[in-house]
Amino acid sequence: MIEFKNVGKTYPNGVVALKNVSLKIEPGEFVAIIGLSGAGKSTLIRLVNKMTDVTEGSIVVEKLNIPSLKGKALRHYRRKVGMVFQSFNLINRTSVINNVLAARVPDMNPISSVFGFFSKKDKLIALEALHKVGILEKAYIRADQLSGGQQQRVALARTLAQNPSIILADEPVASLDPITANQIMSDFERINKNENITILVNMHHVDLALKYAQRVIGINEGEIVYDGSTSDITENLLKTIYGRELTDEDIMFKDK
Amino acid sequence: MKTVIQTYNERPKHTVRNIFISVFLLFLIIWSSPVLSLPDAFSAGMAIAKNIAKAFFNPQWDNIFTTSVDGVPFLMFETIGIAVLGTLLGALLAIPFAFLTARTIVGKFNVIGNTIITTIRSFPFFLTALMFIRVSGPGPMTGVLTIGVLSIGMISKLYIEIIEDIDPGILQSLDALGATRYQKIRYGILPQLFANIISVVIYRFEINVKNATILGIVAAGGIGFTLNVAMNAGRWRDAAAALWGIIFVVVLIDYFSTKIRKKLING
Amino acid sequence: MKTLCSKISNYIKTLIKRNQIHRTAILKDGTSITRPFSYSLISMIITLSIFMFFWNLIVSAFFKRFGVGTFFSNFSNFFTIIKRMVLEVNWSYFNNVLGPMADTIRIAVIGTIVGSLIAIPFSILASQNIMGKSKVPTIIKFFLSIIRTFPILVYALILSYIFGYGPFVGVLATIIFTFGIITKMMYEIIETTDMGAFIAIEATGATKLQAFSAAVVPQIMGRFYSIVLYNFEINLRASAILGFVNAGGIGRIMNDQMALQRYGDVALMVLALLFVVIIVQNISQYLRKRLS
Ligand SMILES: Nc1ncnc2c1ncn2[C@@H]1O[C@H](COP(=O)(O)OP(=O)(O)OP(=O)(O)O)[C@@H](O)[C@H]1O
Ligand SMILES: [Mg+2]
């Protein structure tokens with residue numbers, strides 16, 4: 001379970017990104033966080049795996065007090081929390097499978113890790129992960145030769161290969177075309193159902209969030225203005241979250 | 001509307017600039033012309049040239065098809081060895097220079113590193129060789145040290161470029177999956193740079209083979225010593241054998257180097 | 001003999017097959033995937049054995065003869081020379097440096113100018129796209145690759161036995177060296193320029209040369225100047241060592257003073273050289289930036 005209690009985040013330059021955020025996320029939930037650019041979505045997600053430090057309040061994940069984690073304990077915790085980025089962040093000039101295998105590195109013994117000798121078990125884990133996102137046949141191709149959607153799938157497979165109980169995704173489809181974006185989102189949906197992994201995803205596009213997530217958290221200027229089931233969302237609520245009428249930019253499929 | 005004549009008259013003119021450049025070049029050439037005066041001892045030259053040309057097409061075959069330590073094959077191996085080890089030494093020595101000169105690490109203090117690198121690059125490498133002879137005596141070991149120092153400039157420049165544009169996103173994603181600092185470098189940075197580094201090191205090796213062929217002139221090992229001695233003694237056919245050794249090796253290495261580098265870059 | 005051959009080929013076949021099984025992974029749901037054959041391990045082994053071979057040939061042999069200890073204690077000699085160079089810079093040697101330094105620059109100037117002028121016609125003749133189906137480019141490229149195998153000093157060495165000692169030999173060597181590099185760089189550029197305009201002008205009835213000067217020259221002129229400047233930098237550094245084989249310039253007295261252990265004099269020469277090189281480098285880089 002992820003629990004935020006009165007969390008606040010003020011960046012060193014004085015920007016208040018989050019104010020008094022409290023929320024609880026149960027294991028196996030699929031949560032979409034929506035809000036305008038600069039609302040604090042990335043900040044919220046990055047607090048969960050301590051890529052950013054809180055300035056107020058407390059965060060508890062599976063009974064661990066996140067803000068106090070350091071060094072080895074922090075790395076150990078991060079093994080259980082996968083993260084997917086908007087810009088894929090793959091290791092270019094390396095094969096797809098080596099990218100996925102990078103997720104196994106922290107668990108390797110030091111000597112094999114120096115030489116990059118992966119065990120058969122690790123290789124099978126990596127291949128299984130690629131199979132789950134449907135790009136097994138690309139395993140031995142260089143990562144930079146794949147399309148954007150395929151690259152995001154590799155990133156997703158890399159996360160799966162660390163066998164996480166939570167996946168954080170910061171705008172995973174923002175740089176993809178609508179059709180690919182839908183495919184990636186349904187990958188997330190499938191993983192959420194089949195593997196029972198908690199998924200926390202930042203979205204720019206309301207329609208995708210409503211289509212795939214069970215629960216939506218709306219943020220406006222660092223505060224939660226909506227937290228509830230996807231089905232209860234109304235036009236009016238969206239207006240409060242966005243602080244204005246929705247525009248075409250907020251929706252990926254314009255005909256909707 | 002402008003008339004044709006007007007447009008013509010307003011055409012961009014560089015008359016002043018062109019005159020300036022021409023005058024400057026003319027001055028340079030006149031100032032430099034004394035080096036064109038033929039040396040006095042030219043009379044015997046034509047005969048020697050003929051002999052050298054004849055020898056070139058009829059080299060000392062015994063020197064080429066031999067395994068003795070003063071034969072061409074062994075000396076060419078020694079020359080390549082100087083280049084191989086020297087290039088690797090240079091690749092190692094360049095690491096600290098690169099870190100001291102990368103702007104992302106030392107900021108404006110990179111002036112110091114840059115000055116040192118420029119000095120090393122402009123330092124005539126025969127001088128370096130003569131200095132290292134006091135360390136390791138005449139022989140290929142001195143050649144290795146010289147080539148190592150000589151390669152610092154180019155290789156550290158490559159490293160600097162690499163350090164200055166490492167993709168932070170990849171480091172972040174490895175951070176997020178719980179990798180240590182060492183693992184981030186080993187798996188996040190090195191695989192991206194590997195092809196680049198190898199390709200530049202091979203290119204530098206190609207240059208170093210050529211440099212290693214002449215180090216022997218100052219007794220720092222390799223084929224150059226034999227070449228120099230043979231020419232001094234007027235043994236043109238021995239010299240020609242050495243020249244063919246150089247041609248053979250350099251062409252061969254050029255060929256493979258280009259091929260490997262192409263493969264590395266295109267994947 | 002035949003049976004032996006077939007035995008060996010069978011053995012290799014089984015090896016490949018075994019390797020393929022080794023490379024195949026089978027997933028939980030039965031899907032299988034085969035990793036393509038990777039040469040990385042083989043190339044690693046080859047690289048390592050090349051390294052070991054040369055290490056034994058040069059470094060191990062050296063240590064065996066002279067000992068590791070002497071090698072490292074001798075390093076103090078190296079640092080003593082550097083120390084003396086830094087501390088004993090002999091400014092009064094300046095007048096002796098002026099002449100040879102000027103010669104070094106002169107050799108580079110004339111060598112670069114003449115070498116690049118000769119390179120112009122040859123780079124055109126070596127460009128396949130200009131020469132059509134002719135064999136000339138292939139032949140020229142072959143000779144160019146032979147010319148480029150020798151470093152400038154080898155040319156200087158050979159020529160010094162023909163023309164005697166002095167800067168004239170240095171100039172000739174620089175010309176040959178420059179010619180080799182610039183011709184190559186230029187035909188590579190010419191071969192990759194856009195040929196549309198060339199064909200269009202040729203179609204109006206112009207000769208190849210006319211079409212070349214009208215359509216190609218404007219496209220490549222800037223690059224040519226920039227290559228010439230770049231080569232001038234190289235030649236300046238190179239002509240500093242020409243004197244080591246008596247081909248003129250500052251290298252000759254550098255060699256002499258080094259042998260006499262007058263490190264202060266050597267230091268002054270290095271400084272003078274550095275001064276000239278840095279100035280030329282900055283001017284050349286400025287001009288090259290403006291050209292591009
Ligand atoms: N490292 C940082 N240092 C200072 N301020 C920051 C930093 N990161 C974010 N901010 C500020 O905090 C606020 C919230 O940023 P955040 O990145 O969480 O927004 P977001 O909702 O993810 O926006 P977007 O949709 O554009 O990604 C913004 O005003 C931003 O400028
Ligand atoms: Mg964001």
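Residues numbered from 1 in each chain as written. Chains lettered and ligands numbered in written order. Predicted model: local features only at pLDDT ≥ 70, side-chain atom pairs only at ≥ 80, totals over all residues. Heavy atoms only, no water.

## Describing the packing of aromatic side chains
Stage number 1. This structure, assessed with the given rule, holds 29 aromatic pairs over all chains.
Stage number 2. Residues Phe132 of chain B and Phe78 of chain C carry aromatic rings whose centres are separated by 4.3 Å and whose planes lie at 5° to one another, so their mutual orientation is stacked. Of the two residues, Phe132 of chain B sits in helix H8 (residues 125-136) while Phe78 of chain C sits in helix H3 (residues 68-87), which places them in two different chains. The same class applies to Phe132 of chain B and to Phe78 of chain C, which are both buried.
Stage number 3. Between the aromatic rings of Tyr255 of chain B and Phe256 of chain B, the centroid separation amounts to 5.3 Å while the plane-to-plane angle is 80°, which identifies the pairing as edge-to-face.
Stage number 4. Cation over ring: Arg186 of chain B sits above Tyr187 of chain B, and NZ or CZ is 4.4 Å from the ring centre. (Phe/Tyr/Trp six-rings, centres within 6.5 Å; stacked < 30°, edge-to-face > 60°. Helix = DSSP H or I, 4+ residues; strand = E, 2+ residues; numbered from the N terminus. Buried < 20%, exposed > 50% of the residue type's maximum accessible area, 1.4 Å probe, protein only. Lys NZ or Arg CZ within 6 Å of the ring centre and 35° of its normal.)

## Some points on the interface of chain A and chain C
Stage number 1. In this complex, chain A contributes eight residues to the contact, which on the side of chain C involves ten residues.
Stage number 2. Our enumeration of links across chain A and chain C arrives at zero salt bridges.
Stage number 3. Taken together, chain A and chain C are joined by three residue pairs in polar contact (both at pLDDT 80 or more).
Stage number 4. Residues that form the side of chain A that touches chain C fall into these classes: five nonpolar, one polar and two charged. (Contact = heavy atoms within 4.5 Å. Salt bridge = Lys/Arg side-chain N within 4 Å of Asp/Glu carboxyl O. Polar contact = N/O pair within 3.5 Å; in protein donor to acceptor, adjacent residues only side chain to side chain. Nonpolar A, V, L, I, M, F, W, Y, C, P; charged D, E, K, R; others polar.)

## Focus on the interface of chain C and chain B
Stage number 1. Counting from both sides, the interface comprises 58 residues of chain C and, opposite them, 60 residues of chain B.
Stage number 2. Between chain C and chain B, roughly 5400 Å² of surface is buried when both sides are summed, and carbon and sulfur atoms account for 82% of that area.
Stage number 3. Between chain C and chain B we count zero salt bridges in total.
Stage number 4. Counting across the chain C and chain B interface gives six residue pairs in polar contact (both at pLDDT 80 or more).
Stage number 5. Elements supplying a minimum of two residues to the side of chain C that touches chain B: helix H2 (40-66), H3, helix H4 (94-125), helix H7 (152-163), helix H8 (167-191), helix H11 (251-259) and helix H12 (263-291) of chain C.
Stage number 6. Across the side of chain C that touches chain B, the residue classes break down as 47 nonpolar, seven polar and four charged. (Buried area = accessible area lost by both parts, 1.4 Å probe.)

## Observations regarding the domain arrangement of chain B
Stage number 1. Parsing chain B into structural domains produces domain 1 (4-47) and domain 2 (53-266).
Stage number 2. Distance between the C-alpha centres of domain 1 of chain B and domain 2 of chain B: 37 Å. (Domains from an automatic or database assignment.)

## Thoughts on the sheet that holds strand E4 (residues 56-61) of chain A
Residues and elements named next belong to chain A.
Stage number 1. If you trace the four strands from one edge of the open sheet to the other, you get E2-E1-E4-E5, paired in antiparallel fashion. Of all the strands in the sheet, the pair left with one neighbour each is strand E2 (16-25) and strand E5 (64-65).
Stage number 2. By the bridge criterion, two bridges tie E4 to E5 in an arrangement that is antiparallel. When the sheet's bridge partners are listed, Val61 is paired in E5 with Leu64. (Pairing = 2+ DSSP bridges.)

## Notes on the site of ligand 1
Residues and elements named next belong to chain A.
Stage number 1. Around ligand 1, the structure places 14 residues, and the nearest of them are Ser37, Gly38, Lys41, Ser42 and Thr43.
Stage number 2. A distance of 3.4 Å separates a nitrogen atom of ligand 1 from a polar atom in the side chain of Tyr11.
Stage number 3. Contacts to ligand 1 include Ser37, whose side-chain N or O atom sits 2.5 Å from an oxygen atom.
Stage number 4. Contact with the protein chains covers 63% of the free accessible surface of ligand 1, which is 620 Å². (Near = heavy atom within 4 Å. Areas by Shrake-Rupley, 256 points an atom, 1.4 Å probe, with all protein chains shown as cover.)

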